[in-house]
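So you can see what is in the structure, the chains are spelled out below.
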Amino acid sequence: MSTDELASQRPRTDEASDLSMIDCDVHPYHVPDEFTEYLPDQYQDRGFDIPHGNWSNPHDGFRGDARNELGEIPGSDPALTREHVMEEGDADYPILNAAGVLLLAAHPDFDYAHALARAYNEWFIEKWLDFDDRFVGSLAVAPQRPEKAAEMIREFGEHPQIRQVIMGSATETPFGRQRYWPIYEACEEMGLPMAVHPGSAGNGICPPRSGSGMASTFFEKHVGAATHYVSNLVSLVSEGVFAEFPEFEWVWLEGGFTWIPSVMWRMDYNWERNREAVSNLEKRPSEYIREHNYFGTQPIPEPDDWDDLIRTIEAMDGEDMLLFCTDYPHWDTDDMQSGVPSFPEPMGSKMFYRNAQKLYDLPGDGSGLR
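It should be emphasised that the depicted structure is a prediction, and the values quoted were computed from it without experimental measurement.

Trainee: When you look at the packing of aromatic side chains in this model, what are you seeing that I'm missing?
Mentor: Both the distance between ring centres and the angle between the ring planes are used here to describe each pair of aromatic rings. Evaluated as defined, the whole model comprises 21 aromatic pairs. Between the aromatic rings of Tyr 120 and Trp 123, the centroid separation amounts to 5.5 Å while the plane-to-plane angle is 45°, which identifies the pairing as tilted. You can see Tyr 120 and its partner Trp 123 sitting in helix 4 (residues 110-129), three residues apart, about one turn around the helix. Of the two residues, Tyr 120 and Trp 123, neither departs from the other in class, the shared state being buried. Here Tyr 184 and Phe 248 contribute two aromatic rings whose centre-to-centre distance is 5.1 Å and whose plane-to-plane angle is 25°, an arrangement assigned as stacked. A residue pair is termed long-range when its members are at least 10 positions apart, and Tyr 184 in helix 6 (residues 181-190) and Phe 248 in the loop between helix 9 (241-244) and strand 6 (250-252) qualify at 64 residues. One exposure class covers both Tyr 184 and Phe 248, and it is buried.

Trainee: I tried to follow the packing of helix 4 against helix 5 (residues 146-156) on my own but got confused; where do I start?
Mentor: For the pair helix 4 and helix 5, the least separation of the axes is 11 Å and the interaxial angle reads 15°. Taken as axis vectors, helix 4 and helix 5 run roughly parallel relative to one another. Relative to helix 5, helix 4 is oriented so that their crossing is right-handed. Counted together, Asp 111, His 114, Ala 117, Arg 118, Asn 121, Glu 122 and Ile 125 of helix 4 and Lys 148, Ala 149, Met 152, Glu 155 and Phe 156 of helix 5 form the full contact between these two elements. By residue class, the composition of the contact of helix 4 with helix 5 is five nonpolar, two polar and five charged.

Trainee: Got a minute to help me understand the layout of surface pockets in this structure?
Mentor: A water-sized probe rolled over the atoms picks out the places where empty space is left. Counted as a void, the second largest pocket has a volume near 200 Å³. Classifying every residue of the lining of the second largest pocket by side-chain character gives four nonpolar, eight polar and one charged.

Trainee: Explain the confidence of the model for the chain to me, please; I cannot follow it from the model alone.
Mentor: In low-pLDDT regions, the fine details of the predicted coordinates are not to be read closely. On average, residues of the chain score 89 in pLDDT, and 92% of them reach the 70 mark or higher. Every residue in residues 1-14 scores below 50 in pLDDT, and together they form 33 contacts with partners more than four places removed in sequence or on other chains.

Trainee: What is the right way to look at the sheet that holds strand 4 (residues 162-168) in this model?
Mentor: Working definition: the strands of a sheet are paired by backbone hydrogen bonds and lie parallel or antiparallel to each other. The strand order 1-2-3-4-5-6-7-8 describes an open sheet built from eight strands, whose pairing is parallel. Because the sheet does not close on itself, it has two edges, and the strands there are strand 1 (22-26) and strand 8 (322-323). The sheet strands contacting helix 11 (residues 285-292) are strand 6 and strand 7 (293-296), and the helix crosses strand 7 at an angle near 65°.

Trainee: Help me understand the pairing of strand 7 in this model?
Mentor: Where burial is concerned, the two faces of strand 7 agree: the one with Asn 293 and Phe 295 and the one with Tyr 294 and Gly 296 are both buried. Summarising the sheet, strand 6 and strand 7 pair through three bridges and their orientation is parallel. Bridge assignment links Val 251 to a residue of strand 7, and that residue is Tyr 294. Two strands pair when backbone bridges link them, and strand 7 and strand 8 are joined in this way by two bridges, in the parallel orientation. The residue bridging Phe 295 from the neighbouring strand is Leu 322, located in strand 8. Read as a crossover between parallel neighbours, the route from strand 7 over helix 12 (residues 306-315) to strand 8 is right-handed.

Conventions used here
- Residues numbered from 1 in each chain as written.
- Predicted model: local features only at pLDDT ≥ 70, side-chain atom pairs only at ≥ 80, totals over all residues.
- Heavy atoms only, no water.
- Phe/Tyr/Trp six-rings, centres within 6.5 Å; stacked < 30°, edge-to-face > 60°.
- Helix = DSSP H or I, 4+ residues; strand = E, 2+ residues; numbered from the N terminus.
- Buried < 20%, exposed > 50% of the residue type's maximum accessible area, 1.4 Å probe, protein only.
- Axes fitted to C-alpha atoms, helices over the stretch in contact; angles between N-to-C directions.
- Parallel < 35°, antiparallel > 145°, perpendicular 65-115°, else oblique.
- Left-handed = near helix turned anticlockwise from the far one by under 90°.
- Contact = heavy atoms within 4.5 Å.
- Nonpolar A, V, L, I, M, F, W, Y, C, P; charged D, E, K, R; others polar.
- 1 Å grid on protein atoms, 1.4 Å probe; cavity = no way out; pocket = protein on both sides within 12 Å on 5 of 7 lines; lining within 4 Å.
- Points joined across faces, edges and corners; volume = space filled by probe spheres on them.
- pLDDT = per-residue confidence, 0-100.
- Pairing = 2+ DSSP bridges.
- Right-handed = clockwise from strand over helix to strand, strands pointing away.

Pasting the structure below:
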């Protein structure tokens, strides 16, 4: 059966909701000249100054129609983003996740990185969240300054459209370390999940994505996106983050999910034989993973037999852990019209909107958040 035929069979709604799809990874691209105006006076002359990637995307990184008529940065126009993602792409809600600005997690100047995060958030709320009350916002933080990040989460977290916190997917040390716990405590207090997205790994103060060193090409880097996710997931579980914060939830974007079963099996195997090393864990590591973690689907795995993908999701008991993502406006965007297979129920409706509706506490009728 063709991909188009599979897509046409996808369930659009169920009896419990009027929703059809929640897109959990849409990037509102920053315009440095706009949001650096929100920086403190001491950083005005410095402007937007963060480490950039070491690898060039051969496809320019963006889909061809993402620039507006003025030719501005792809993904920087709220009206065009709404048109592509909500009107044409059929998303009831887009979850807006900062893109290149997440490189600030790699900056060696910790106070400047925090100032950039605050400036971005103020600009983001004014330009994007005020534009449409169905836009769902992710608050960007610099993990280098955990206490200041926690203060900002409590300050901005009451905004009705802020439903998530986001940071780059790597920083100096693994995410489970207690230095970052003030951030997680604030997230739990405010009822906000933490999301991470690739970008900072291999830049500035951050280690490379792989455990073997720097990638030579964009191809190598892009294929290996999940490698540092594995390490950080093991860190979060084994250091006891989810045991310490029982209501805290984590979202892994753009790192795949087919690796999860083997990681859970390996962690459970070692926990059974070496519990004294992780005495803070009261149950199997796989249970913490299933109860506290969500994984974005983009880029959707494309096995020769789609049934292999379904069997993998079943092996990880994953129908409650997956969030559909397009990754708009990037070059390898997944969309509802092509490239995404049909899934059996209730797996399909959970992946496309029910998990996200629950995680982000979104209205079931597609109404605004104010």
